[in-house]
Amino acid sequence: MTKGAWSLAEAKAKFSEVVELASTQGPQHVTRSGRPAVVIVSEAAWADATSPRRSFLEALLDPAARVLTDEEADTVFARDPDPGRPVDL
């Protein structure tokens, strides 16, 4: 069996070990009749996977995520005052 993969019978016989490995090494996959059946994960991994996610827009608008001050942003994104070359029409 590959690392992190268990047959159902083996997982039942070594359940404590499966739980310990899920807590320390990551998800443990259990098969039934050679087919994937379930994945055992730690409580922390489950909480992270099921926590509500913010939308991209919410993340961008979050004041805590600001990287530049307003003055720095004005400097970085200031328009070039040069109007460009004259064009004859």
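Note that this is a predicted model, so its numbers are computed, not measured.

Asker: Lay out the nonpolar core in plain terms, naming residues and giving numbers.
Answerer: Trp6, Ala11, Val18, Leu21 and Val30 together form the largest nonpolar core, which totals five residues. Discounting chain neighbours no more than four positions away, the residues touching Val18 are Trp6, Ala11, Gln28 and Ile40.

Asker: Which residues make up the pairing of strand S3 (residues 35–40), and what values go with them?
Answerer: Summarising the sheet, strand S2 (residues 28–32) and S3 pair through five bridges and their orientation is antiparallel. Residue pairing across strands places Arg32 opposite Arg35, the latter belonging to S3. As consecutive antiparallel partners, S2 and S3 are separated by two residues, and within that stretch Ser33 has a phi angle of approximately 55°, a positive value.

Asker: Quick rundown of the sheet that holds strand S1 (residues 5–7)? Include the residues and the values.
Answerer: What the three strands build is an open sheet, ordered S1-S2-S3; its pairing is mixed. At either margin of the open sheet sits one strand with a lone partner, and together these are S1 and S3. Going from strand to strand, the sheet's axes swing by 30° on average, the running direction of each strand aside.

Asker: Can you explain the confidence of the model for the chain? Please cite residues and give values.
Answerer: Residues with a pLDDT of 70 or more make up 98% of the chain, whose mean pLDDT is 89. The secondary structure element of the chain with the lowest average pLDDT is helix H4 (residues 56–61), at 82, and the one with the highest is helix H1 (residues 8–13), at 97.

Asker: So what's going on with the environment of Arg53? Residues and values would help.
Answerer: Inspection of the secondary structure puts Arg53 in the loop between helix H3 (43–50) and H4. At a separation of 3.4 Å, a polar atom in the side chain of Arg53 contacts the side chain of Ser51.

Asker: Residue-level account of the side chain of Ser42, with values.
Answerer: Within the element layout of this structure, Ser42 appears in the loop between S3 and H3. With relative accessibility at 16%, the residue Ser42 sits in the buried group. In terms of polar contacts, Ser42 uses its side chain to reach the backbone amide nitrogen of Ala45, at 3.1 Å. Those residues in contact with Ser42 that sit more than four places away from it in its chain are Ala22 and Ser23.

Asker: Outline the pattern of salt bridges, listing residues and values.
Answerer: Counted according to the given criterion, the structure contains two salt bridges. With a closest N to O distance of 3.9 Å, Asp48 and Arg53 form a salt bridge. With relative accessibility at 57%, the residue Arg53 sits in the exposed group. Here Arg54 and Asp62 are joined by a salt bridge, their closest N and O atoms 2.7 Å apart.

Procedures and definitions
- Residues numbered from 1 in each chain as written.
- Predicted model: local features only at pLDDT ≥ 70, side-chain atom pairs only at ≥ 80, totals over all residues.
- Heavy atoms only, no water.
- Core = buried A, V, L, I, M, F, W, Y, C linked by side-chain atoms within 4.5 Å.
- Buried < 20%, exposed > 50% of the residue type's maximum accessible area, 1.4 Å probe, protein only.
- Contact = heavy atoms within 4.5 Å.
- Pairing = 2+ DSSP bridges.
- Helix = DSSP H or I, 4+ residues; strand = E, 2+ residues; numbered from the N terminus.
- Axes fitted to C-alpha atoms, helices over the stretch in contact; angles between N-to-C directions.
- pLDDT = per-residue confidence, 0-100.
- Polar contact = N/O pair within 3.5 Å; in protein donor to acceptor, adjacent residues only side chain to side chain.
- Salt bridge = Lys/Arg side-chain N within 4 Å of Asp/Glu carboxyl O.

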